[in-house]
Amino acid sequence: MSSPRSEFLRIVAERGLMHQCTDLDALDAVLAEGGPVPAYIGFDCTADSLHVGSLVQIMLLRWYQKCGHKPIVLMGGGTTKVGDPSGRDESRQLLSAEQIAANMAGIRAVFAKFLRFGQAPADAVMADNAAWLDGLAYIPFLRDVGRHFSVNRMLALDSVKLRLEREQPLSFLEFNYMVLQAYDFVELFKRNGCRMQMGGSDQWGNIVSGIDLGRRVANAELFGLTTPLLATASGAKMGKTAQGAVWLNADRVAPYDYWQYWRNTEDADVGRFLKLFTELPLGEIDTLLAGDINAAKKRLATEATALAHGAAAAADAEATATRVFEQGGVGEDLPVVETAPGGTPVYDVIVKAGFAISNSEARRLVRQGSVRLDDQVLRDEIGKLTKGKLSVGKKKHAILRPA
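Here the structure is a predicted model, which is why all the values come from computation and not from measurement. (Residues numbered from 1 in each chain as written. Predicted model: local features only at pLDDT ≥ 70, side-chain atom pairs only at ≥ 80, totals over all residues. Heavy atoms only, no water.)

1. Description of a nonpolar patch on the surface
Side chains of Tyr138, Ile139, Leu142 and Phe172 sit close together on the surface and give an oily, nonpolar patch of about 440 Å² of accessible area. Top element by residues in the nonpolar patch is helix H6 (residues 138–144). It accounts for three residues. Following the sequence through the fold, Phe172 ends up in helix H9 (residues 172–175). By relative accessible area, which is 56% here, Phe172 ends up exposed. (Patch = residues over 30% accessible without salt bridge, like charges linked within 9 Å, V, L, I, M, F, W, Y side chains within 5 Å. Areas by Shrake-Rupley, 256 points an atom, 1.4 Å probe, with all protein chains shown as cover. Salt bridge = Lys/Arg side-chain N within 4 Å of Asp/Glu carboxyl O. Helix = DSSP H or I, 4+ residues; strand = E, 2+ residues; numbered from the N terminus. Buried < 20%, exposed > 50% of the residue type's maximum accessible area, 1.4 Å probe, protein only.)

As C-alpha cells, this is what we get:
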C-alpha cells in the first residue's frame, strides 16, 4: 500500500512500527470509515512491571488512541497461569494467584502514564482474561473451540517447532496457550467489538489463529498487525543491560537511570529510536539527526523519559546529567547507596550500586583503575567508604550516604 487512507496506518508505517498485517487494504478501509475501532494487545503478568522490550507495543496502543481509536489492554490473569512458549527456550515459572495479582497491579501503573482511560468512545479499557478463562469447562471447551485447531498446523508454528527441533521440553500446558489466546480474541470481539489484535512479530501465529477462530465460530472479519522484534545496532536485546532489565516503573528503575539508558543509545540507533519511542514530528527528527548526535541522544532521552515518568522527572534527570557530566557537580537524582556504620568495602558498594554483578567483577574494576570516589581513583578494593560520589567509568555514578 503506497498511501494509507487511515492516519494510524500511515503513522505506524512512517515510524517503523509495523512488521506484518493480515489484510492491509481491508484494515485500512475499516479504520478510515470514521468512529473508534477497538483493538487490543495482551500482556501476561510475569513481573510487577513491563520493561523497555514492551515499549513498542505500548507506543502502538498510544498512537492508536491518538488517532481516535479505542485501545484495549488485555491483562493475562488467566494465560499467565499457562505461560506463552513464544520466543522461549524453556518453560516459564508458574506463578501463584497472589503473585499474578500483584504483578497485574504494577503493570496497570505503567499504562496509566501512556493511555487515557475512561468512558468516552476512544478511551482505553483494561480487561483481564481470567474473567472468561478461569470458568471454562474443559470438555465443552474442547468440543466448541478445540475442534477448530489442527495439531499439524500448531506443530508447524515457530513457537512450537523451534522448541521441538532443539529437543527442549514443551509441556501440554504450554501447547494450549495458542488456543487460549485465540479464544481471547473471540471473547473481546463478542464483549467489546474488538476487530484487531496487535503484538510483536513472534505473536503472528497466535494472532492468525485467533482470526481464523473468529471467522469459524462468530463469522467475524478480524485483523492482525505485528511490530518488528527489535535489537540494538550491536545486536543486543532491547531493554537489557549489564545491570538487568530496564523497567518502566520508577520503583524498579529510577527516572535518572531510565534517562541514562536512552542517553547511552548507540549512534546508529538514534534516528530509529526517535521515531519509535518519541512523538516528535518526523521533520524535527531529521533536523536533530543533521546536527550534533549527542544533542539528539539527549533529546531522545528526555522525550522517552517524559512519556514514562512525566515531563518534570525528565527535566530533573537531564539537569542532573548536565551537572554530573558537563559541570562536574553532584546530582541529587543519582542512585543512592547507603553505607554501613564504619563504612562499606569498595567492592561491596560497587555491587550494591548495580555497577557489577559479582564481588570478583567489582574487585577487577578497582584493579583496572576504573573506580573513583569524588573523582579520585580508588586502588584499595577492600577499603571502606562512607560517603561521596562513586563513579565507575565515565557513565556510571551513584551517591554514597551513611545509613
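2. Comments concerning the sheet that holds strand E3 (residues 71–76)
Spatially, six strands are ordered E1-E6-E5-E2-E3-E4 in an open sheet, and the strand pairing comes out mixed. Of all the strands in the sheet, the pair left with one neighbour each is strand E1 (20–21) and strand E4 (125–128). Taken together, the two bridges between E1 and strand E6 (residues 223–227) define a ladder with antiparallel strand orientation. Bridge assignment links Gln20 to a residue of E6, and that residue is Thr226. The strands that helix H4 (residues 97–114) touches are strand E2 (39–44), E3 and E4; relative to E3, the one it contacts most, it runs at about 160°. Those strands touched by helix H10 (residues 177–192) are E2, E3, E4, strand E5 (196–200) and E6, and its axis lies near 140° from that of E2. (Pairing = 2+ DSSP bridges. Contact = heavy atoms within 4.5 Å. Axes fitted to C-alpha atoms, helices over the stretch in contact; angles between N-to-C directions.)

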